Amino acid sequence: MKRLMVLVTVMTVLAMGSWAWAADTIKIGVVGPRTGPAAATGKAFEEGIAIALDHLNAKGGVLGKQVEVVFEDTGGVPEKAASALEKLATRDKVPIVVGESHSSSALAEIEVANRYKIPLIICEAWHDDITKKNYKWVFRAGPVNSGVVDFYIAPFVKDNRFKKVAIVRENSDWGVGIAEKTETDLKNFGIPFITLKVERESKDFYTELTKIKGENPDIILAYIYGTGLHFFVAQAHEVGLSPKCLILDGAGPPSLWDTFWKNVGKAGELELFMSSMHEKVHLTPTSRKFWDDYKKKYGKDPTDYKTRSIYNVVLIAADAINRAKSTDNEPIVAALEKTNLEVTTGIVKFGLKQGTYEYHQWMPPMLVVQWQGQKQVVVYPKEAATGALKKVK
Amino acid sequence: MGNKQQAGTAKKVGIPALFIILAILPPFFLSQYWLHVMIISLFYVMMASSWNLIAGFTGQVSFAHAAFSGIGAYASGMVAVNLGVPPWLGILIGTGVAALLGLGLGYLCIRMGGIYLSLTTLGFSEILRIIITNEDKWTRGTMGLQVPGFFSEYSKANYYYLFLVVTIFLLIVIYWIVHSEMGLTFRAVLNDELAASSSGINTIRVRILAFTISSAMAGLAGGLYGHYLMLITPDIPSLGQMFLVLAMAVIGGMGSFIGPIVGSFVLETLSEYIRIYGEYHVLLFGLVALAMARFAPEGLMGIVGKKWRKEWVH
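Here the structure is a predicted model, which is why all the values come from computation and not from measurement.

All names here are of chain A. Once the domains are mapped, chain A shows domain 1 (24–143 + 283–362) and domain 2 (146–275 + 367–384). The C-alpha centroid of domain 2 is placed 27 Å from the C-alpha centroid of domain 1. At the junction of the two partners, domain 1 supplies 20 residues and domain 2 supplies 21 residues. In this assembly, domain 1 packs against domain 2 so that about 1600 Å² is buried in total across both faces, 57% of it on carbon and sulfur atoms. Considering only the surface of domain 1 that becomes buried against domain 2, Pro37, Trp126 and Tyr305 emerge as the three largest contributors, covering 35% of it. Our count for the contact surface shared by domain 1 and domain 2 stands at zero salt bridges. The tally of links between domain 1 and domain 2 comes to six residue pairs in polar contact (both at pLDDT 80 or more). Where the side of domain 1 that touches domain 2 is concerned, the elements lending two or more residues are helix 2 (39–58) and helix 4 (103–116). At three residues, helix 4 tops the list of elements feeding residues into the side of domain 1 that touches domain 2. Along the lines of polarity and charge, the residues of the side of domain 1 that touches domain 2 split into nine nonpolar, eight polar and three charged.

Let us now look at helix 2 of chain A. Look at helix 2 of chain A: 29 Å from first C-alpha to last across 20 residues, which is about the 28 Å you get at 1.5 Å a residue. In the stretch just after helix 2 of chain A, Gly60 of chain A is the one whose phi turns positive, near 100°.

Because an α-helix completes one turn every 3.6 residues, residues spaced three or four positions apart along the sequence face the same direction. Compared with an ideal rise of 1.5 Å per residue, which puts 19 residues at 27 Å, helix 12 (residues 306–324) of chain A spans 27 Å between its outermost C-alpha atoms and is within 8% of the ideal. Downstream of helix 12 of chain A by a residue or two, Lys325 of chain A has a phi angle that is positive, lying close to 55°.

Right, let's get into a positive patch on the surface. Among the surface-exposed residues, Arg161, Lys163, Lys382, Lys391 and Lys393 of chain A lie close enough to one another that they form a single positively charged patch. Given a relative accessible area of 35%, Lys391 of chain A falls into the partly exposed group.

This part takes up the packing of aromatic side chains. Enumeration according to the criterion identifies 33 aromatic pairs over all chains in this entry. Consider the rings of Phe290 of chain A and Tyr294 of chain A, whose centres lie 6.2 Å apart with planes at 40°: the pair is tilted. Separated by four residues within a single helix, Phe290 of chain A and Tyr294 of chain A lie in helix 11 (residues 285–298), roughly one turn from each other. Assessed through its relative accessible area of 0%, Phe290 of chain A is described here as buried. Here Tyr294 of chain A falls in the buried class, since its relative accessible area comes to 1%. Consider the rings of Trp88 of chain B and Phe150 of chain B, whose centres lie 4.9 Å apart with planes at 55°: the pair is tilted. A residue pair is termed long-range when its members are at least 10 positions apart, and Trp88 of chain B in helix 5 (residues 87–109) and Phe150 of chain B in the loop between strand 1 (145–146) and helix 7 (156–178) qualify at 62 residues. For Trp88 of chain B, a relative accessible area of 44% translates into the label partly exposed. A connected cluster of aromatic rings, assembled from ring pairs, spans Tyr116 of chain A together with Trp88, Phe150, Phe151, Tyr154, Tyr159, Phe163 and Tyr228 of chain B. Taking NZ or CZ as reference, Arg91 of chain A lies 5.3 Å from the ring centre of Tyr33 of chain B, over its face.

Another point: the pairing of strand 5 (residues 138–141) of chain A. Residue and element names in this part refer to chain A. Neither face of strand 5 is open: one carries Val138 and Arg140, the other Phe139 and Ala141, and all of them are buried. As judged from the three bridges shared by strand 4 (residues 120–122) and strand 5, these two strands associate in the parallel manner. Considered in strand 5, the bridge of Ile121 is made with Phe139.

Residue and element names in this part refer to chain A. Strands sit in the order 7-6-8-9-10-14-15 across an open sheet of seven strands; the sheet is mixed. The open sheet has two edge strands with one neighbour each: strand 7 (193–198) and strand 15 (375–380). This sheet shows a mean twist of 25° between the axes of neighbouring strands, independent of strand direction. Note that strand 10 (residues 272–275) and strand 14 (residues 367–372) share four bridges and pair antiparallel.

A separate point is the packing of helix 3 (residues 32–58) of chain B against helix 4 (residues 65–83) of chain B. Residues and elements named next belong to chain B. The interhelical angle for the contact between helix 3 and helix 4, taken along N-to-C directions, is 125°, at an axis separation of 10 Å. Overall, the two elements helix 3 and helix 4 adopt an arrangement that is oblique. Helix 4 is crossed by helix 3, and the crossing has right-handed handedness. Contacts from Met47, Ser50 and Trp51 in helix 3 reach His65, Ala66 and Ser69 in helix 4.

Rules of the game
- Residues numbered from 1 in each chain as written.
- Chains lettered and ligands numbered in written order.
- Predicted model: local features only at pLDDT ≥ 70, side-chain atom pairs only at ≥ 80, totals over all residues.
- Heavy atoms only, no water.
- Domains from an automatic or database assignment.
- Contact = heavy atoms within 4.5 Å.
- Buried area = accessible area lost by both parts, 1.4 Å probe.
- Salt bridge = Lys/Arg side-chain N within 4 Å of Asp/Glu carboxyl O.
- Polar contact = N/O pair within 3.5 Å; in protein donor to acceptor, adjacent residues only side chain to side chain.
- Helix = DSSP H or I, 4+ residues; strand = E, 2+ residues; numbered from the N terminus.
- Nonpolar A, V, L, I, M, F, W, Y, C, P; charged D, E, K, R; others polar.
- Expected span 1.5 Å × (residues − 1).
- Patch = residues over 30% accessible without salt bridge, like charges linked within 9 Å, V, L, I, M, F, W, Y side chains within 5 Å.
- Areas by Shrake-Rupley, 256 points an atom, 1.4 Å probe, with all protein chains shown as cover.
- Lys, Arg positive; Asp, Glu negative; His and termini not counted.
- Charge placed at Lys NZ, Arg CZ, Asp CG, Glu CD.
- Buried < 20%, exposed > 50% of the residue type's maximum accessible area, 1.4 Å probe, protein only.
- Phe/Tyr/Trp six-rings, centres within 6.5 Å; stacked < 30°, edge-to-face > 60°.
- Lys NZ or Arg CZ within 6 Å of the ring centre and 35° of its normal.
- Pairing = 2+ DSSP bridges.
- Axes fitted to C-alpha atoms, helices over the stretch in contact; angles between N-to-C directions.
- Parallel < 35°, antiparallel > 145°, perpendicular 65-115°, else oblique.
- Left-handed = near helix turned anticlockwise from the far one by under 90°.

Structure representation (structure tokens):
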């Protein structure tokens, strides 16, 4: 009998793990990589969240309560991402989740969000299917592969008269998706290209670079996310490909991480990258406020634009809860669909037409930036440019 | 190591029956989150107990157990995605494929035995991981293969009962094997291979048989796991997963029937509490497992058994 009592006690203790205390805060769930090859994104997210929370709580919070964030690590891998979202939905019981910067992780998360009927706003995972699946609970306030390629990368290549393109893509959903879209657009423009695939966590690109050198392209579209991009840029310079052949980092943030210059050295000069943020480009008053708040808190300028992306989605989530006057899922989705909110990158309005990736999608304007003398110069699109594209003859 | 005792058949049937009744209850009072932890624990019970069948009972330390669960999961997942085979049938196919490959690998390397078996299975496991990770059409590499679940309406309670039934089934099979003639030969091979073979036991055949059965069980567990998560990734056949299973069996008590079961529940629940330390929890479990192997080789059940000395610590 004694044994049985012990067993019962143990099981009771385990059951008490699901402790739920009456909280007087509104909890917003966040998913993103805090470990793994893109851990820097997690850091950028943390900073953006901190500024957003300061901003919201200084104004009295949401529904009269202070706002809090539960940030679950995804490690940048789909299975951890799915379980992170599951934990936010079932253990923390948050009313809404925001974040993510990996498409493969996001594609796993949207299934869980759909299963638990929990609103999810993706900010930096670009795969078309995330919104193309037309899930009622899934929104994206951030770039989408098709948009980035159609409006920025492909026209940039065409307008600057590049003659031959090398596409290097990692084996992730983002890499596969954006490369396919690029191929379609380049075909339509009649610009010749080659595509090479690389492993997501690869550090050695000499084989691929030798092949590329043989093809003699004048621009490489590097769809590699994480520190791998640093190795790629450094090795391309080493084998004598760049700077004659320019490199465009199709994601952007890795070219802005603190470690970039340390890892690439002078190979970083003239490198191009996608971004949605630049010191001199402020589309809204909120953008200016974000910049000032960031400087005040961290004593430096923000670099990784994902800091601002997560800031935006936290604001969007808080705004939706406020207007829904509820933390229930249905009212929040209804409120999100009516979003008309100024964030750092414009006025957010989600698309409502079903059937395409534009459903529940809002994309901020993007920029193509070039490192010129370790300074960021916006070179595309023309109306936002702060300087001309530099090429080496 | 007690043999069949006459300690009262009432107790022998009574205690498992009590456990089964207790096991039916969780969906009625556990939150979704803790039910999830229970389901994952049951997966680990299947993994650790079936690994224990070869490692604990025939002394063959295989590092390919997680790999076989991955084979079961991917085989089932790929036929579901590409051919539309329902998961119910898929997991049987997965189990079959794992059994076949288990038989093949067992046939090739079990004669070597000892450390060589461990090294070969370690290599096998790594090769499999590399293939799965780099292949991005069929297995979808690190992106993960999204697969359908077992039930059209998602319900944690349903999954819990499904896992429970299969786990109990596997445990009964393991219990039966261990207490049958076959189990006796298993242990004979473990205790003294030379003596066993000289008394007429075909030790190689016994070991291959144990290896195949155990691989098939891992394949079944992996298939269930994959269709429960609805996402199959190279994490399932990873060495990290392998070491977790190993730690569960060692900490719970290798070579005992109850040990791996207890180890799985304890470690899985514990890892939910120490999850904030990220990957370090595997390291911690590794250290505890090492300390256990040195100071308490019979694991938690050995420690408890010393205290209680009762028949259900076998």
